Each structure stands twice: as C-alpha cells, then as structure tokens.
Amino acid sequence: MGDVINLRQARKAKARDDKAQQADANRAKFGRTKAQRQADDTQRARQEAAVDAAYREDRAPE
C-alpha cells in the first residue's frame with residue numbers, strides 16, 4: 001500500500017515550487033545591475049554601428 005498524503009499540503013507544496021521556479025526565471029530575466037544593462041546597451045550600439053557601417057552606399061538600411 002502506498003503512503004498516505006494530505007492533498008491540501010501537496011497542493012500548497014506544488015504552488016510553492018511553482019512560485020520558486022517563476023522567481024528564478026524573473027531573477028534571471030530582470031536581475032541585472034545597472035552597470036550590466038549599460039554594458040549591454042553599449043555593446044548593442046557598437047554592434048549596430050558595425051552593421052550599419054557595412055552597408056554599401058547604394059543600398060539604404062531598412
């Protein structure tokens with residue numbers, strides 16, 4: 001015979017686990033420092049400038 005579990009406690013434990021996973025995802029997505037965001041913006045601008053500079057003169061960038 002299997003173990004007896006309390007369904008209310010099991011539901012609450014699952015909800016806690018789901019919230020913890022969502023919190024981890026949010027930390028990964030939004031948990032960057034201001035310096036990291038500025039460094040990423042600088043790098044992105046540098047890459048865009050390099051791509052724009054690579055266009056031929058007779059072709060306008062889209």
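Definitions and cut-offs
- Residues numbered from 1 in each chain as written.
- Predicted model: local features only at pLDDT ≥ 70, side-chain atom pairs only at ≥ 80, totals over all residues.
- Heavy atoms only, no water.
- Patch = residues over 30% accessible without salt bridge, like charges linked within 9 Å, V, L, I, M, F, W, Y side chains within 5 Å.
- Areas by Shrake-Rupley, 256 points an atom, 1.4 Å probe, with all protein chains shown as cover.
- Salt bridge = Lys/Arg side-chain N within 4 Å of Asp/Glu carboxyl O.
- Lys, Arg positive; Asp, Glu negative; His and termini not counted.
- Charge placed at Lys NZ, Arg CZ, Asp CG, Glu CD.
- Helix = DSSP H or I, 4+ residues; strand = E, 2+ residues; numbered from the N terminus.
- Buried < 20%, exposed > 50% of the residue type's maximum accessible area, 1.4 Å probe, protein only.

A. Quick peek at a positive patch on the surface. A surface patch of positive charge is lined by Arg8, Arg11, Lys12 and Arg16. For arginine 8, the position within the fold is in helix α1 (residues 7-30).

B. Representation of the pattern of salt bridges. Evaluation of the coordinates by the stated rule reveals four salt bridges. The partner of aspartate 24 in a salt bridge is arginine 27, with the nearest N and O atoms 2.3 Å apart. Taken together, the residues span about one helical turn, with aspartate 24 and arginine 27 both in helix α1 at a distance of three residues. Here aspartate 24 falls in the partly exposed class, since its relative accessible area comes to 45%. With relative accessibility at 52%, the residue arginine 27 sits in the exposed group. In this structure, arginine 32 engages aspartate 40 in a salt bridge whose closest nitrogen and oxygen atoms are separated by 2.1 Å. The exposure class assigned to arginine 32 is partly exposed, which follows from its relative accessible area of 34%. Overall, aspartate 40 belongs to the partly exposed group, its relative accessible area being 28%.

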